[in-house]
Amino acid sequence: MNSSELRALRKETDPLADEIVTKYFTESAFDREKTMLFFDALSRNSDPIPAGLPDYLEKYFYETEDLPSWADKSKIAKGEQLFTLYGPQILMMLCVKSLPMAYSCGDGAQVLYKTGRLIEQNGVIDGVNRRLMETTQFVISVAQENGLGPQGKGIRTAQKVRLMHASIRYFLGKGKDWDPAWGQPINQEDMAGTLQSFSSLVVEGLGQSSLKLSQEEKDAYIHLWRVVGHFIGVKPELCPEGYDVAHSLGESIFNDQQKPSDAGKILAKSLLDFMEYMLPGNLFDNLPLFFLQTYMGQKTSEVLGLGWPPKNPLGYFMEKIFKDIDSHVDDDEGFGKLVAYFASKLLFSMDHFYYGGKKARFWIPPSLRENWRL
């Protein structure tokens, strides 16, 4: 797609979800309790349809829960297998590739900045941790085995994300500090770019981590996320089939939107702080920055204010240690071992994280726990 076509998408949103959310918040006077009920229901990644909501909202969940006619269950299963094998690395890619690439899109980053949940508040990063863990939980819900099946958590979770996006559009659109030059909040271009950051960019990142994937595996993972895109309201033509076409679309969007912004730089710093916080002690100091710079490359690193070239020798040092332990390992495999080790430690810390003395709501299926040795 060319730049003018992509820019036109910044005016498009998701009419179905927008209509439902607008009706919910305008059918009566503003009610704080009603608003909190809505957001609380959507933020809980559980199977049941939220209780206490109007009939038309319940109807939405029932009428949008079927797989699209083009969905290929065998491809979905192969995509799930990839997640079963490399889940820790895939979830690590969210932090070192998917999210920072999204933050580098200057206009789209404004939504995350305005909502405030991915930014430290007065030096306290609990809100940052909570939101990033919710994002990780979303990926686990949709990508686990049978996550998009009748008994899975993925479809219901994606339906809730779709309504959450519409509610953010509703409230930001009513605010006085939203610049129309940024496009509609969470517009179709931004949604399509985010979908690619969670799919084709992750596949690319696995390749950068010295994991050799077949074309069939790549295409299957893209298909799984193409189905997810359907459930969160991305237009069908913006959910292409096959890794090569999907990656090309993602590149077009990022090339169109990438530019420095204060919002993007603040979000990137919060992401770094999140990873540092999740990995206490001195062993991993500055390693998150090393990974961000390595996976992002020079252009995106500079857009996010991360600097270039990577200044931290620890990553190279640890990679050499892994290589020296096994003399048969080459440089790429040494880096791959470092990635796997870091990814497992990051996921372990998230799985054992506590908010105010209470364990965070973070659920990993028993089968994946066993595969990932948690």
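The structure displayed is predicted, hence computed values, not measured ones. (Residues numbered from 1 in each chain as written. Predicted model: local features only at pLDDT ≥ 70, side-chain atom pairs only at ≥ 80, totals over all residues. Heavy atoms only, no water.)

S.K.: Got a sec to walk through the nonpolar core? Specific residues and values, please.
M.R.: Counting residues in hydrophobic clusters, the biggest one holds 103 residues, and the most contacted among them are Phe 83, Val 96, Leu 163, Trp 225, Met 275 and Phe 291. At 12 residues, the largest contribution of residues to this core is made by helix 5 (residues 73-103). In this view, Phe 291 contacts Met 92, Val 96, Phe 335, Leu 338, Val 339 and Phe 342; residues no more than four positions away in its chain are not counted. If you look at the next biggest cluster of nonpolar residues, it comprises five residues, including Met 101, Leu 201, Phe 254 and Met 296. (Core = buried A, V, L, I, M, F, W, Y, C linked by side-chain atoms within 4.5 Å. Buried < 20%, exposed > 50% of the residue type's maximum accessible area, 1.4 Å probe, protein only. Helix = DSSP H or I, 4+ residues; strand = E, 2+ residues; numbered from the N terminus. Contact = heavy atoms within 4.5 Å.)

S.K.: Kindly report on the packing of helix 9 (residues 188-198) against helix 10 (residues 200-208), identifying the contributing residues and their values.
M.R.: Two numbers describe how helix 9 lies on helix 10: the axes approach to 3 Å, and their chain directions differ by 25°. With respect to helix 10, the axis of helix 9 lies roughly parallel. Residues Gln 196, Ser 197 and Phe 198 of helix 9 form the contact with helix 10, whose participating residues are Ser 200, Leu 201 and Val 202. (Axes fitted to C-alpha atoms, helices over the stretch in contact; angles between N-to-C directions. Parallel < 35°, antiparallel > 145°, perpendicular 65-115°, else oblique.)

S.K.: Outline helix 12 (residues 243-257), listing residues and values.
M.R.: Over its 15 residues, helix 12 runs 21 Å from end to end, which matches the ideal 21 Å to within 8%, given 1.5 Å per residue. Residues of helix 12 that are buried include every one of Tyr 243, Ala 246, His 247, Leu 249, Gly 250, Ile 253, Phe 254, Asp 256 and Gln 257, and no others. Buried residues belonging to helix 12 abut helix 1 (3-9), helix 5, helix 9, helix 10 and helix 11 (215-231). (Expected span 1.5 Å × (residues − 1).)

S.K.: So, the side chain of Gln 257: which residues are in play, and what are the values?
M.R.: Tracing the sequence through the fold places Gln 257 in helix 12. Assessed through its relative accessible area of 2%, Gln 257 is described here as buried. With sequence-adjacent residues up to four places away left out, Gln 257 is seen in contact with Arg 7, Arg 10, Ser 104, Cys 105, Gly 106, Asp 107, Gly 108 and Glu 189.

S.K.: Go over helix 2 (residues 15-26) with me, naming the residues and quoting the values.
M.R.: Side chains that are three or four residues apart share a direction in an α-helix, a result of its 3.6 residues per turn. End to end, helix 2 covers 16 Å across 12 residues, agreeing with the expected 16 Å (1.5 Å per residue, within 8%). Considered for burial, the residues of helix 2 that qualify are Ala 17, Asp 18, Ile 20, Val 21, Tyr 24 and Phe 25. Each buried residue of helix 2 sits inside an arc of 165° when the element is viewed along its axis, so together they form one side. Away from its buried face by more than 90 degrees, helix 2 exposes Pro 15 and Glu 19. (Arc of directions from axis to C-beta.)

S.K.: I'd like a description of the pattern of salt bridges, backed by residues and values.
M.R.: Per the stated rule, a full pass over the model turns up 17 salt bridges. The shortest N-O distance in the salt bridge between Lys 59 and Glu 63 comes to 3.8 Å. One end of the pair is Lys 59 and the other is Glu 63, both in helix 4 (residues 55-63) and four residues apart, which spans about a single turn. Glu 204 is paired through a salt bridge with Lys 97; the nearest N and O atoms lie 2.9 Å apart. Of the two residues, Glu 204 sits in helix 10 while Lys 97 sits in helix 5, which places them 107 residues apart along the sequence. Taking relative accessible area as the criterion, Lys 97 reaches 3% and is therefore assigned buried. Here the salt bridges do not stand alone but share partners, grouping Arg 10, Glu 189 and Asp 190 into one network. (Salt bridge = Lys/Arg side-chain N within 4 Å of Asp/Glu carboxyl O.)

S.K.: For the environment of Pro 100, give the residues involved together with the corresponding values.
M.R.: For Pro 100, the location among the structural elements is in helix 5. Given the relative accessible area of 1%, Pro 100 is considered buried. With 196 residues separating them in the primary sequence, Pro 100 and Met 296 have C-alpha atoms 7.9 Å apart. Beyond its immediate sequence surroundings of up to four residues, Pro 100 is in contact with Leu 94, Cys 95, Leu 271, Leu 292, Met 296 and Leu 304.

S.K.: Account for the packing of aromatic side chains, naming residues and giving values.
M.R.: Using the criterion set out here, one finds 14 aromatic pairs in the structure. An angle of 90° between the planes, with centres 5.0 Å apart, marks the rings of Tyr 24 and Phe 25 as edge-to-face. Judged by its relative accessible area of 2%, Tyr 24 falls in the buried class. The exposure class of Phe 25 is buried, given its relative accessible area of 9%. Taken together through their ring pairs, the aromatic side chains of Phe 290, Phe 291, Tyr 295, Phe 335 and Phe 342 make up a single cluster. The cationic tip of Arg 226 hangs over the ring face of Trp 70; the distance from NZ or CZ to the ring centre is 3.9 Å. (Phe/Tyr/Trp six-rings, centres within 6.5 Å; stacked < 30°, edge-to-face > 60°. Lys NZ or Arg CZ within 6 Å of the ring centre and 35° of its normal.)

S.K.: Give a description of the layout of surface pockets that names residues and reports values.
M.R.: Estimates place the volume of the largest pocket at around 1200 Å³. Along the walls of the largest pocket sit 46 residues, with Leu 112, Arg 131, His 165, Ile 168 and Ile 186 positioned nearest its centre. Those elements giving two or more residues to the lining of the largest pocket turn out to be helix 3 (32-43), helix 5, helix 6 (109-115), helix 7 (126-143), helix 8 (154-174), helix 9 and helix 12. Per-element tally for the lining of the largest pocket: the top contributor is helix 8, with nine residues. (1 Å grid on protein atoms, 1.4 Å probe; cavity = no way out; pocket = protein on both sides within 12 Å on 5 of 7 lines; lining within 4 Å. Points joined across faces, edges and corners; volume = space filled by probe spheres on them.)

Keep in mind these values describe shape, not function.
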